[in-house]
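What follows is each chain in one-letter form.
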Amino acid sequence: MTIEQLIKARKAVVGVIGLGYVGLPLVRLFALKGFRVLGFDIDPAKIEKLRKGESYIKSIPDSLLKKFKKRFDATADFSRLKEADAIIICVPTPLYEDSRPDLSYIRATAVSIGKYLRKGQLVVLESTTYPGTTREIMKPELDKAGVDYLLAFSPEREDPGNKHWTNADIPKVVGGIDERSRKAAAALYGSAVAKVVEVSSCEVAESAKLLENIYRCVNIALVNELKMCFEKMGIDIWEVIAAASTKPFCFQPFFPGPGLGGHCIPLDPFYLSWKAKEYQFATRFIDLAGELNVQMPFYVLARLEQAFKAKGKAIGGSKILVLGLAYKKDIDDPRESPAFKVIELLEQKGSAVVCHDPSFKKLPPMRHYKHLKAKTVELTEKELKAADAVVIVTDHTVYDYPWIVKNANLVVDTRNACKQVPSEKVVKA
Ligand SMILES: NC(=O)c1ccc[n+]([C@@H]2O[C@H](COP(=O)([O-])OP(=O)(O)OC[C@H]3O[C@@H](n4cnc5c(N)ncnc54)[C@H](O)[C@@H]3O)[C@@H](O)[C@H]2O)c1
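Treat the numbers as computed from the prediction; the structure is a model and nothing was measured.

Participant: Quick question: what am I supposed to make of the pairing of strand E7 (residues 172–176) here?
Facilitator: Put simply, side chains in a regular strand alternate between the two faces of the sheet. Extensive coverage of E7 is indicated by the burial of five of its five residues. In E7, alternate side chains face the same way, and those of Lys172, Val174 and Gly176 on one face and Val173 and Gly175 on the other are all buried. Bridge count between strand E6 (residues 150–153) and E7: two bridges; the pairing is antiparallel. Directly across from Ala152, in E7, lies its bridge partner Gly176. Summarising the sheet, E7 and strand E8 (residues 196–198) pair through three bridges and their orientation is parallel.

Written out as structure tokens, the structure is:
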């Protein structure tokens, strides 16, 4: 049977490599559509949990895992890749300290697949990366196996915490290293998602994902800049955005904040700027947006300092309560969250910082922030009153903002979370 026939008959086995925030929802997608799914990860703790029917991702509760338990197995044994007809790769694509793309996870995965690649298998890369990765990095490694296989790129468009769009409804862009590969990948996703958009090459598919993220990164930088500009003029950026959003065409609102977060927007644009250098091209918008967004935690601190000054206080020696550690509201992902930079800056200035996030009992271990002293606390009236200022970094829905404003001495609000509670105690930042 060809791969297309196997997919049509729901007999294709789908392998997913990297069972994180992207991989596990993909497992759910294919398993609930009736495919047998094999999940691969190098993290034994994840495999053990999944085998016990326990999830580690908020969007996939244990009860949901149960629904497709019979069709899903998780393993760290990569020789089982042979069992899969299609292999989808969702491993991390971080940056090195100097902002160079770290493709070590993709390279390691290509080596693992290459060892067991068999004739007719379809391999699809989903990790966000620069144009050329599938053809220049994946293909040479897989070619070493000396068998006929199919290779494509299809970017993930997961929006954590978004209840309106699941990966089954979001159109999937697909590009192959050749037509055969594209058609096979389109058949695979076509069997599970509402719409597949075929493009002429994997490079176009890789670039489309970068455009989507760079568009957000640049526009967020723009509103962050305007926030600082309007603040000097005594104009509230949030009111300006709400007014501009009433235009029924040619305007999409973006919102300012304490800095970028997550595994995508702060990192992905630099994949393109790095690749562009190979072509002696400077991606100035990306660099400028990066500079602006990176400044935001410093701006939050400056606003706090101003507010303290007006009260005759200083940051040094103050007690600060930081609310929210996840990088955006109602999710449990702390990666690249600006909360950690804000805490670091406060501690450097001599503040005693405590923090709270409904998803974290303890400060999650972060690669670049091992030195932080801040401890998590229960969110109580006593803690609110004891803090010289409360800094809202993440506007989780569960927070009772009127109660927070009532009991806090000063609130530095980076998300306009207290919009319904006008008070002199609230400083927007
Ligand atoms: N999280 C998002 O919202 C999102 C959205 C769109 C795209 N992406 C992209 O998807 C990719 C994955 O992101 P994520 O958020 O799921 O990351 P993640 O860190 O949550 O998950 C990655 C998983 O891959 C595993 N892994 C690492 N190396 C491996 C290897 N060699 N073999 C097998 N497993 C390995 C890790 O143990 C981890 O479980 C990235 O390229 C990211 O940019 C993420």
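Resuming the write-up.
Participant: Can you help me understand the sheet that holds E8 in this one?
Facilitator: Strand pairing within a sheet occurs via backbone hydrogen bonds; the two strands may be parallel or antiparallel. One open sheet holds the eight strands; their spatial order is E3-E2-E1-E4-E5-E6-E7-E8, and the pairing between them is mixed. Unpaired on one side and paired on the other, strand E3 (72–75) and E8 mark the two borders of the sheet. Sheet twist, expressed as the mean angle between neighbouring strand axes with direction ignored, is 25°. In the packing of helix H6 (residues 133–143) onto the sheet, contacts are made with strand E4 (86–89), strand E5 (122–125), E6 and E7, and the angle to E6 comes to roughly 155°.

Participant: Help me understand the pairing of strand E2 (residues 36–40), please; the structure alone is not making it clear to me.
Facilitator: For E2, the tally of buried residues reaches four of five residues, placing the bulk of the element in the interior. Bridging between strand E1 (residues 13–17) and E2 involves five bridges; their strand directions are parallel. Note that in E2 the partner of Ile17 across the bridge is Phe40. At this point the chain moves from E1, through helix H2 (residues 23–32), to the parallel E2, and the crossover so formed is right-handed. Two elements, E2 and E3, share four bridges in a ladder whose sense is parallel. Paired with Leu38 across the two strands is Asp73, which belongs to E3.

Rules and cut-offs
- Residues numbered from 1 in each chain as written.
- Predicted model: local features only at pLDDT ≥ 70, side-chain atom pairs only at ≥ 80, totals over all residues.
- Heavy atoms only, no water.
- Buried < 20%, exposed > 50% of the residue type's maximum accessible area, 1.4 Å probe, protein only.
- Helix = DSSP H or I, 4+ residues; strand = E, 2+ residues; numbered from the N terminus.
- Pairing = 2+ DSSP bridges.
- Axes fitted to C-alpha atoms, helices over the stretch in contact; angles between N-to-C directions.
- Contact = heavy atoms within 4.5 Å.
- Right-handed = clockwise from strand over helix to strand, strands pointing away.

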